[in-house]
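So the chains spell out like this:
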Amino acid sequence: QRQLVESGGGLVQPGGSLRLSCAASGFTVEYYAIGWFRQAPGKEREGVSCISSSGSSTNYADSVKGRFTISRDNAKNTVYLQMNDLKPEDTAVYYCAAAWMVGGTVQSMCNPSYDFDHWGQGTQVTVSS
């Protein structure tokens, strides 16, 4: 079946780092734009970072600029989110999603209301001392 699986979450102290992975199976991820999203308890899902299918364009939420980096390795059918200098407010379940984009910009698809073709199950990130 066609699916996305997130991994790499866990418990980390403030100022620490984590690297999340989004692995695709059943389809070729190189044809899709990929987004990372997060949702904390009692809050709406928000866009974190997105990358175009070519990898040439990226988008970051203001809250993570300079700390997070999105990248993709199409040979491994995987997209990554490197998270540095983590803060307690980064605590959330992190999801990845894939979109087949006929047109539009990576910025336009970097929101959870976009009509994504596939969503992952999420991975928990907890930042606490």
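Here is what the cut-offs are and how they apply
- Residues numbered from 1 in each chain as written.
- Predicted model: local features only at pLDDT ≥ 70, side-chain atom pairs only at ≥ 80, totals over all residues.
- Heavy atoms only, no water.
- Helix = DSSP H or I, 4+ residues; strand = E, 2+ residues; numbered from the N terminus.
- Contact = heavy atoms within 4.5 Å.
- Buried < 20%, exposed > 50% of the residue type's maximum accessible area, 1.4 Å probe, protein only.
- Pairing = 2+ DSSP bridges.
- Disulfide = S-S within 2.5 Å.
- Core = buried A, V, L, I, M, F, W, Y, C linked by side-chain atoms within 4.5 Å.
- Polar contact = N/O pair within 3.5 Å; in protein donor to acceptor, adjacent residues only side chain to side chain.
- Axes fitted to C-alpha atoms, helices over the stretch in contact; angles between N-to-C directions.

On the secondary structure map, Ala97 appears in strand E9 (residues 92–99). If we skip the residues at most four places from it in the chain, Ala97 touches Leu4, Ala33, Ile34, Gly35, Phe37, Phe116, His118 and Trp119.

The alternating pattern of strand E11 (residues 123–127) places Thr123, Val125 and Val127 on a buried face and Gln124 and Thr126 on a face that is not buried. Taken together, the 3 bridges between strand E2 (residues 10–12) and E11 define a ladder with parallel strand orientation. Residue pairing across strands places Leu11 opposite Thr126, the latter belonging to E11. As paired strands, E9 and E11 are joined by 3 bridges and run antiparallel to one another. If you follow Tyr94 over to E11, its bridge partner there is Thr123.

Here we take up the state of the cysteines. For the structure on display, the rule yields 2 disulfides. A sulfur-sulfur separation of 2.1 Å characterises the disulfide bridge that pairs Cys22 with Cys96. Negative torsions about the S-S bond denote left-handed disulfides, and the value of about 75° found for Cys22 with Cys96 makes this one right-handed. With Cys22 in strand E3 (residues 18–25) and Cys96 in strand E9, this residue pair connects regions lying 74 residues apart in the sequence. Taken individually, Cys22 and Cys96 each receive the classification buried, so the pair is uniform in this respect.

This part covers the nonpolar core. In terms of nonpolar packing, the biggest core is built from 28 residues, with Trp36, Phe68, Val79, Leu81, Met83 and Tyr94 touching the most fellow members. Mapped onto this core, the elements with two or more residues apiece are E3, strand E4 (33–39), strand E5 (46–51), strand E7 (68–73), strand E8 (78–83), E9 and E11. With near-sequence residues (within four places) excluded, Tyr94 lies in contact with Glu6, Leu20, Trp36, Phe37, Arg38, Val48, Phe68, Leu81, Met83, Gly122, Thr123 and Val125. Listed in part, the 9 residues of the second largest apolar core include Ala33, Ala97, Ala99 and Phe116.

Right, let's get into the side chain of Ser52. Here Ser52 shows up in the loop between E5 and strand E6 (58–60). A distance of 3.3 Å separates a polar atom in the side chain of Ser52 from the backbone nitrogen of Ser56. Each residue touching Ser52, except ones within four places of it in the same chain, is listed here: Ala33, Ser57, Arg72 and Val106.

What links the strands of a sheet is backbone hydrogen bonding, and the strands pair in either a parallel or an antiparallel sense. If you walk across this open sheet you meet the 4 strands as E1-E3-E8-E7, and the pairing is antiparallel. The open sheet has two edge strands with one neighbour each: strand E1 (3–7) and E7. Along the sheet, successive strands turn relative to each other by an average axial angle of 15°, direction set aside. Taken together, the 6 bridges between E7 and E8 define a ladder with antiparallel strand orientation. Bridged to Thr69 within E8 is Gln82.

In short, geometric facts, not functional conclusions.
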